[in-house]
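Chain by chain, the residues:
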Amino acid sequence: MISGFFQGTEMPDARWWEALWPDPTGVLIESGFTAGATAIDLCAGNGWFTLPMARIARHVTAIDIDSELLELARRRMSEAGLTNCEFVAADAYDLGKIVAPPIDFVFLANAFHGVPDTIRLCNSVAEVLLPGGQFAVVNWHPRPREETTVLGQPRGPKTELRMSPETVIRAVEQSGLKLVRVAEIPPYHYSAIFQKPRALAT
């Protein structure tokens, strides 16, 4: 999501995305993503994770408020010959109006620290998830920004915006989603993976 909506977030250029995460498929798998899923890449930006997600998913919806970034992602899908992805320029809070549930997997990378209303966002995610479906939040560890360098430069959100796994867990579980596990995503991230209990089925 662009910085005008979620504070302290920005879309880096592809050069340092590749330096930070040369294996985006591995990040997805470590975050609980499985082949054949119906998935949402939330705050997808230019599609760094959307492309590998679409290669193994049944269907992917890439959502971002920035239509120009989504157009870059759309071109990447087209160049790769992938047709199982749709792109929606919209507010991340409005998932229930954007996608038709049930969804197996929602992925959110590098944006949760800047969400103004985490409860509202997580409630929206819980609304569209299939009972048993998962929500993965990939976040920067709360280390000083000057220590998280990529290509020789400090990267990521301001130090004061970074969230510990415990803070993310408290925020997400208010929606009724339950923590499955926290996975390390080297060199500077973790993935907090949550599941919608079957008791929340409607």
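Residues numbered from 1 in each chain as written. Predicted model: local features only at pLDDT ≥ 70, side-chain atom pairs only at ≥ 80, totals over all residues. Heavy atoms only, no water.

Chemist: Looking at this structure, how should I read the overall build of the protein?
Modeler: Of the regular secondary structure elements, the protein holds 7 helices and 9 strands. In terms of overall size, the protein behaves like a compact globule, its C-alpha atoms giving a radius of gyration of 16 Å where 202 residues would be expected to give roughly 17 Å. Referenced to the eigenvectors of the C-alpha coordinate spread, the extents of the protein come out at roughly 50 × 40 × 30 Å. For the protein, buried positions account for 53% of its 202 residues. Long-range pairs, those at least 24 residues apart, make up 68% of the contacts in the protein with a sequence separation of at least 6. Side-chain charges in the protein split into 18 positive and 23 negative, and the spacing between the mean points of these groups amounts to 2 Å. (Helix = DSSP H or I, 4+ residues; strand = E, 2+ residues; numbered from the N terminus. Rg over C-alpha atoms; globule rule 2.2 N^0.38 Å. Buried < 20%, exposed > 50% of the residue type's maximum accessible area, 1.4 Å probe, protein only. Contact = heavy atoms within 4.5 Å. Lys, Arg positive; Asp, Glu negative; His and termini not counted. Charge placed at Lys NZ, Arg CZ, Asp CG, Glu CD.)

Chemist: Would you take a moment to explain helix α6 (residues 118–128) for this structure?
Modeler: Helical geometry: 3.6 residues make up each α-helical turn, so side chains three or four residues apart lie on a common side. Those residues of α6 that sit buried are Thr 118, Leu 121, Cys 122, Ser 124, Val 125, Ala 126 and Val 128. The secondary structure elements touched by the buried residues of α6 are β1 (38–42), α5 (95–98), β4 (103–109), β5 (129–140) and α7 (165–173).

Chemist: What should I look at first to understand the sheet that holds strand β8 (residues 178–185) in this one?
Modeler: To summarise the sheet geometry, strands pair through backbone hydrogen bonds and adopt either a parallel or an antiparallel arrangement. In space, the 7 strands of this open sheet follow the order β3-β2-β1-β4-β5-β9-β8, with mixed pairing throughout. Each of the sheet's edge strands pairs with one partner strand only, and the pair in question is β3 (85–89) and β8. Averaged over all pairs of adjacent strands, the angle between their axes in this sheet comes to 15 degrees, without regard to strand direction. Pairing between β5 and strand β9 (residues 189–195): 7 bridges, direction antiparallel. Each residue of the ladder has a partner; that of Ala 136, found in β9, is Ile 193. Set on the sheet, helix α4 (residues 67–79) makes contact with β2 (59–64) and β3; between it and β3 the angle comes to about 170 degrees. α7 rests against β5, β8 and β9 of the sheet, and its axis sits at about 25 degrees to β9. (Pairing = 2+ DSSP bridges. Axes fitted to C-alpha atoms, helices over the stretch in contact; angles between N-to-C directions.)

Chemist: Would you mind showing me how to read the pattern of salt bridges here?
Modeler: Side chains that differ in charge, positive against negative, can pair when their charged atoms come close. Evaluation of the coordinates by the stated rule reveals 5 salt bridges. Note that Glu 30 is salt-bridged to Arg 181, the shortest N-O span being 3.5 Å. Of the two residues, Glu 30 sits in helix α2 (residues 24–30) while Arg 181 sits in strand β8, which places them 151 residues apart along the sequence. When the shortest N-O distance is used, the salt bridge between Arg 58 and Asp 104 registers 4.0 Å. Of this pair, Arg 58 sits in the loop between α3 (50–56) and β2 while Asp 104 sits in strand β4; the two residues are 46 residues apart in sequence, bridging distant segments of the chain. (Salt bridge = Lys/Arg side-chain N within 4 Å of Asp/Glu carboxyl O.)

Chemist: How do you make sense of the side chain of Asp 41 when you look at a structure like this?
Modeler: Inspection of the secondary structure assignment puts Asp 41 in strand β1. At a separation of 2.5 Å, a polar atom in the side chain of Asp 41 contacts the side chain of Thr 50. Ignoring any residue separated from it by four or fewer positions in sequence, one finds Asp 41 in contact with Phe 49, Thr 50, Met 53, Val 60, Thr 61, Ala 62, Ile 63 and Phe 107. (Polar contact = N/O pair within 3.5 Å; in protein donor to acceptor, adjacent residues only side chain to side chain.)

Chemist: Help me understand unusual backbone geometry, please; the structure alone is not making it clear to me.
Modeler: In most cases, non-glycine residues show a negative phi, while peptide bonds are predominantly trans. Note that the residue after Pro 186, namely Pro 187, is joined by a cis bond; omega there is 5 degrees. Of note in this structure, Asn 110 is not a glycine but carries a positive phi near 60 degrees.

Chemist: How should I be thinking about the environment of Trp 140 in this particular structure?
Modeler: In this structure, Trp 140 sits in strand β5. Leaving out residues up to four positions away in the same chain, Trp 140 has contacts with Trp 16, Leu 20, Asn 110, Thr 148, Arg 155, Gly 156, Pro 157, Arg 162, Met 163, Tyr 188, His 189 and Tyr 190. Only 3.2 Å separates the side chain of Trp 140 from the side chain of Asn 110, close enough to count as a polar contact. Here His 189 takes part through its side chain, which lies 3.3 Å from a polar atom of the side chain of Trp 140.

Chemist: Honestly, α4 in this entry has me stumped. Any pointers?
Modeler: The terminal C-alpha atoms of α4, which comprises 13 residues, lie 18 Å apart, in line with the 18 Å expected from a rise of 1.5 Å per residue. Here the buried face of α4 lies against α3, β2 and β3. Residue Asp 66 occupies the N-cap position of α4, its side-chain oxygen lying 3.0 Å from the main-chain nitrogen of Glu 68. Gly 81 sits one or two residues past α4 and shows a positive phi near 75 degrees. (Expected span 1.5 Å × (residues − 1).)

Chemist: What is the right way to look at the environment of Ala 62 in this model?
Modeler: Assignment of secondary structure puts Ala 62 in strand β2. Ala 62 sits 15 residues away from Gly 47 along the chain, and the two C-alpha atoms are 7.7 Å apart. In contact with Ala 62, other than residues within four places in its own chain, are Asp 41, Ala 44, Thr 50, Leu 70, Cys 85, Glu 86, Phe 87 and Val 88.

As far as function goes, none of this settles anything; it's purely spatial.
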